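# Report on the structure
These are the residues of each chain, in order.
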Amino acid sequence: MSSTNTRVVLREYAPDGVHSPDCFAIDDSQPIPNDKTLKKGQVLVQVSALSVDPHQRLFISPPPEKPTIKSAFRYPLGQAIFGIGVGTVVASKNDAFAAGDKVRSESMPWQSYAILGEDQLIKLPASDSALSDHVGVYGMAAFTAYLGTIYAGKPKAGETIMISAASGAVGQVAVQLAKARGLRVVGMAGSDEKVEHIGSLGADAVINYKTCGDLNAAIVEAAPDGIDIYFDNVGGEILDAALLNLNPLARVVLCGSMSTYGAAQSKIRGITNLPSIIVKQVTLQCIYYLPHYGTQRETDFLQEMTRLVEQGKMQFRVDERIGLESAPQALADLFAGKNFGKLIVKV
């Protein structure tokens, strides 16, 4: 066992939105904290697994030249980055947590051990599932897919849903939830291997956006009766093409914009097809999971996902990397579309 607290530290912001492992350093200079390090109310957690997520691209991109009050947060240089993670309490000076408790945090430092306050932790219920499942099949991405497909999408059997990045952490769950509700599913991905995988999840048609040529024509062929629900994970050109093919009263679920995160403003393609949806009375709704934690919707999600997993009706592909040393490359792979499934770093 190492005597140091390994950390993933941000060395420099990614130039021109091009992210590489060189932006990070693996720091082994700090000792592992112990119970004597803790202040009243704090908890020491041994970190088990970390979620690698698209929105982190924003946090490691250069700050805007002219910051505004609405400028996105950036990770501080020289400090450990953080995100969604799970771990086990090893020491506590907080009555709400005891050694051995399994916990999740939305601000888990990317390091071997972390000191956190009560307001940063959620105690996980006793379960036979692996702790890493709480950043996987029962984690944020799957919950987001549930919220987008069921609550924002308002699906009706027989409708057509199109899902971008359909092999990713969110998309793969959205495909299967939609099929379970009797929808015709059109998926999109950027490699033949991913296209094949989406088909194995039950999608009725799949578009390889990198090889299809005319994107609008490909959508028309895959969804000849139009699109009733579009679940958007990427933004940009694909979102713009989807808008042209929506049916009246369609619902657009805005979940992510991976194609634009961290990109220079001059390189971001704007949306040109908004006028086409006005007379169709299309609904555009953003989905953000955090306000729904602790609500009936989370309870419903966990119950349905547990049932589907136990019945063997939910496939959830995980791209698992081992060790904090693998974390910088995992981030770079995610931003380059080289991952396949939900990216998780096992600490």
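So, here is what we can say about the structure in this document. Predicted, not measured: the structure shown is a model, and the values here were computed from it.

Each value, and the rule that gives it
- Residues numbered from 1 in each chain as written.
- Predicted model: local features only at pLDDT ≥ 70, side-chain atom pairs only at ≥ 80, totals over all residues.
- Heavy atoms only, no water.
- Helix = DSSP H or I, 4+ residues; strand = E, 2+ residues; numbered from the N terminus.
- Rg over C-alpha atoms; globule rule 2.2 N^0.38 Å.
- Contact = heavy atoms within 4.5 Å.
- Lys, Arg positive; Asp, Glu negative; His and termini not counted.
- Charge placed at Lys NZ, Arg CZ, Asp CG, Glu CD.
- Axes fitted to C-alpha atoms, helices over the stretch in contact; angles between N-to-C directions.
- Parallel < 35°, antiparallel > 145°, perpendicular 65-115°, else oblique.
- Left-handed = near helix turned anticlockwise from the far one by under 90°.
- Nonpolar A, V, L, I, M, F, W, Y, C, P; charged D, E, K, R; others polar.
- Pairing = 2+ DSSP bridges.
- Phe/Tyr/Trp six-rings, centres within 6.5 Å; stacked < 30°, edge-to-face > 60°.
- Buried < 20%, exposed > 50% of the residue type's maximum accessible area, 1.4 Å probe, protein only.
- Lys NZ or Arg CZ within 6 Å of the ring centre and 35° of its normal.

## Considering the overall build of the protein chain
- Looking only at helices and strands, the protein chain features nine helices and 15 strands.
- The globule rule puts the C-alpha radius of gyration for 347 residues at 20 Å, and the 21 Å found for the protein chain is close to it.
- Projected onto its principal axes, the C-alpha positions of the protein chain cover 65 × 50 × 35 Å.
- Put simply, 68% of the contacts in the protein chain that link residues at least 6 apart link residues at least 24 apart.
- The averaged location of the 35 negative side-chain charges in the protein chain is 4 Å from the averaged location of its 32 positive side-chain charges.

## Overview of the packing of helix 2 (residues 140–152) against helix 3 (residues 171–180)
- At a closest axis distance of 8 Å, the pairing of helix 2 and helix 3 adopts a crossing angle of 40°. In terms of axis orientation, helix 2 runs oblique to helix 3. Relative to helix 3, helix 2 is oriented so that their crossing is right-handed. Only Val 173, Ala 174, Leu 177 and Ala 178 of helix 3 make contact with helix 2, whose side of the interface consists of Ala 142, Ala 145, Tyr 146 and Thr 149.
- Here the contact of helix 2 with helix 3 is composed, by residue class, of seven nonpolar, one polar and no charged.

## Re the sheet that holds strand 13 (residues 283–286)
- Ordered in space as 10-9-8-11-12-13, the six strands form an open sheet in which the pairing is parallel. Strand pairing shows two members of the sheet lacking a second neighbour, strand 10 (205–208) and strand 13, which therefore form its edges. Between one strand axis and the next, the sheet turns by 15° as a mean value, whatever way the strands run.
- Judged from the five bridges that link them, strand 11 (residues 227–232) and strand 12 (residues 246–254) form a sheet pairing that is parallel.

## Examining the packing of aromatic side chains
- Evaluation of the coordinates by the stated rule reveals eleven aromatic pairs.
- Relative to Phe 82, the ring of Phe 73 lies with its centre 5.8 Å away and its plane at 45°, an arrangement referred to as tilted.
- Residue classification places Phe 73 among the partly exposed positions, given a relative accessible area of 41%.
- Counting every residue linked through ring pairs, the aromatic cluster contains Phe 143, Tyr 146, Tyr 151, Tyr 288, Tyr 289, Tyr 293 and Phe 301.
- Across from the ring centre of Tyr 293, 4.2 Å away, lies the NZ or CZ of Arg 104, which sits over that ring.
- Positioned above the aromatic ring of Phe 340, the side-chain terminus of Arg 317 is 3.6 Å from the ring centre.

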